[in-house]
Amino acid sequence: MDLRAVTCLCVALGLWVPSVQAANPKTSNGINQIEVVLTSPRHRFTTIFGETFKRHAEEKGMKSRDYDADDKMANQIAHVQKVAAENTAFVVRIVDDSKAGELIEAVKPTGAPIVFVNLPPKPIQQLNAYENAWYVGSVSEESGEMQAELVIEYLQDHPEYDLNGNGTLDILMFTGPENHPDAIFRTQKIEEALKKSGIKYRIIDKCKADWFFEPAFRYMKNIMEQGEYKNIEMIISNNDEMAMGAIYAIEESQDYANESIDIIPVFGVDGLPDAINAIRRGSMVGSVRQNYDMMARISLAIAMGNYDPQTFIDMGCRYKKDRVIIVPYNHITKADLKPRKVNK
């Protein structure tokens, strides 16, 4: 059987997917294996982080294994309790931020590191229970602020944005899950920025879409088929997956094929490869990049015990007390992208 097929089957079943790596990694804490405990392959950002982490681990000769929790906190707890050992570090994208303490208590007796990434424990003080517990990630509010800056800059450069002439900017928002902190903070920052700028706006609808491509695609496809897109002058999405769902629905529509539709400016968050390609081809105005590569490199260094807080600061991060490292966002527009090299 093809190795890729075996790997896909293992992931689908929530089984181990070991990496093929060099021996004798250089660590200062006796760690020779890292468990990368993720949420679900359905979450594109999490998947890309896992792939990036594995690549960097291989470069360091470190063995890493991914675990898919199927979006269930109970699975993460049971798995960590089962495999915790002195030689095993953990890198975790937690399902439920309030349950970090249970994972910490499972790892604490071993003395090995546990690094939470992307979503911080809530409250963050849960890290205080263990000197080898860390958080590496970004601040949700900052992504909302940067996305708002992109939106305001676009509107200032395009005073003709009121295409239907009703005196307001008509916005469709893809928010993400109700009560999720990232969804709340990002939406708030956009609305605060619009109000502060004095731009009159109207939010036509807020579609949750739960962070995923497919529900956003179905929602936007229905809008395109009903011709209701003519009332939409901007799409703001709290992540790139939902933004891409909307973009694909637009580009698959008959009106788009007939070139009888004005381009709707779309904004996202995460800086995923699909979104970057959409920015390159002009289907998306911009995104706010969450630096999964930097998160992977820093969490790997901590897991291996090969770190110095000053190194993180030199990388542009903020090092806060109690082992919290804030990785900065950066915005991405077409102007920020380097031209692709063409092989002749």
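For the structure, see preceding data.
Computed from a prediction, not measured in an experiment: that's the story for all the values here. Counting restarts for each chain: residues are numbered from 1 in the order of the written sequence. Only residues with pLDDT of 70 or above have their local features reported here, since the model is predicted, and side-chain atom pairs are shown and tallied only from 80 upward, although totals for entire chains, interfaces and linings are computed over all residues. Note that the side-chain values use all heavy atoms of the structure and ignore hydrogens as well as water.

Undergrad: Help me understand the overall build of the protein chain in this model?
TA: Secondary structure assignment for the protein chain yields 12 helices and 14 strands. The globule rule used for comparison is 2.2 Å times the number of residues to the exponent 0.38, while the radius of gyration itself is calculated over C-alpha atoms. Computed over its C-alpha atoms, the radius of gyration of the protein chain comes to 22 Å, within 12% of the 20 Å expected for a compact globule of 344 residues. For the protein chain, the spread of C-alpha atoms along the three principal axes comes to 65 × 50 × 45 Å. Residues are treated as being in contact if the distance between any of their heavy atoms lies within 4.5 Å. For the protein chain, the proportion of contacts with a sequence separation of at least 24, taken over those separated by at least 6, is 73%. A total of about 16600 Å² of accessible surface is found on the protein chain, and carbon and sulfur atoms cover 49% of it. In the protein chain, the 39 positive side-chain charges and the 48 negative ones have mean positions that sit 4 Å from each other. Helix numbering and strand numbering both begin at the N terminus, where a helix is a DSSP run of H or I of at least 4 residues and a strand a DSSP run of E of at least 2. Areas reported here follow the Shrake-Rupley algorithm with a probe of radius 1.4 Å; residue values treat only the protein chains shown as occluding. In this tally, Asp and Glu contribute negative charge and Lys and Arg positive charge; neither His nor the terminal groups of the chain are included. A charge is said to be at NZ when it belongs to Lys, at CZ for Arg, at CG for Asp and at CD for Glu.

Undergrad: Would you explain the packing of helix 5 (residues 140–157) against helix 6 (residues 181–197) in this entry?
TA: Put simply, helix 5 and helix 6 touch, their axes get as near as 8 Å, and they point 35 degrees apart. Note on packing geometry: the crossing formed by helix 5 with helix 6 is right-handed. Side by side, helix 5 and helix 6 meet where Ser-140, Glu-141, Ser-143, Gly-144, Glu-145, Gln-147, Ala-148, Val-151, Ile-152 and Leu-155 of the first sit next to Asp-182, Phe-185, Arg-186, Lys-189, Ile-190, Ala-193, Leu-194 and Ser-197 of the second. Only the stretch in contact is used when fitting a helix axis, every axis being a line fitted to C-alpha atoms; angles between N-to-C directions are given from 0 to 180 degrees. By definition, turning the near helix anticlockwise from the far helix through less than a right angle yields a left-handed crossing, and turning it clockwise yields a right-handed one.

Undergrad: Is there a simple way to think about helix 11 (residues 292–303) in this case?
TA: Given 3.6 residues per turn, any residue in an α-helix points the same way as the ones three and four places further on. Here the expected length of a helix is defined as 1.5 Å per residue gap, with one fewer gap than residues. Spanning 12 residues, helix 11 covers 16 Å between terminal C-alpha atoms, matching the ideal 16 Å at 1.5 Å per step. Only protein chains enter the area calculation, which uses a 1.4 Å probe; residues under 20% of their type maximum are buried, those over 50% are exposed, and those in between are partly exposed. In terms of residue burial, helix 11 counts as a mostly covered element, since 11 of its 12 residues are buried. Looking at helix 11, one finds that the buried residues are Tyr-292, Asp-293, Met-294, Met-295, Ala-296, Ile-298, Ser-299, Leu-300, Ala-301, Ile-302 and Ala-303. Positive phi shows up at Gly-305, right after helix 11, with a value of about 75 degrees.

Undergrad: Please explain the environment of Gln-147 as it appears in this structure.
TA: As for its position among the elements, Gln-147 is in helix 5. For Gln-147, a relative accessible area of 0% translates into the label buried. Sequence-wise, Gln-147 and Thr-187 are 40 residues apart; in three dimensions their C-alpha atoms are separated by 9.9 Å. Ignoring sequence-local partners within four residues, the contact set of Gln-147 consists of Ile-190, Ile-236, Ser-237, Asn-238, Phe-267, Gly-268, Val-269 and Val-288. We define a polar contact as two N or O atoms separated by no more than 3.5 Å, with the added condition that, inside protein, one atom must be a possible hydrogen donor and the other a possible acceptor, whereas residues neighbouring each other in sequence contribute only through side-chain atom pairs. A distance of 2.9 Å separates a polar atom in the side chain of Gln-147 from the backbone oxygen of Ser-237.

Undergrad: Would you mind going over the nonpolar core with me for this structure?
TA: Burial of nonpolar side chains together is a common tendency in soluble globular proteins. Residues Ile-34, Ile-114 and Phe-116 are the most contacted members of the largest nonpolar core, which totals 55 residues. With eight residues, helix 11 is the largest single contributor of residues to this core. Sequence-distant contacts of Ile-114, that is, excluding residues within four places in its chain, are made with Phe-90, Val-92, Leu-103, Ile-104, Val-107, Tyr-130, Asn-132, Ala-133 and Trp-134. Among buried residues, those of type Ala, Val, Leu, Ile, Met, Phe, Trp, Tyr and Cys that are joined through side-chain atoms within 4.5 Å constitute a nonpolar core. Counting 31 residues, the second largest nonpolar core, distinct from the first, contains Ala-183, Phe-217, Met-242 and Ala-278.

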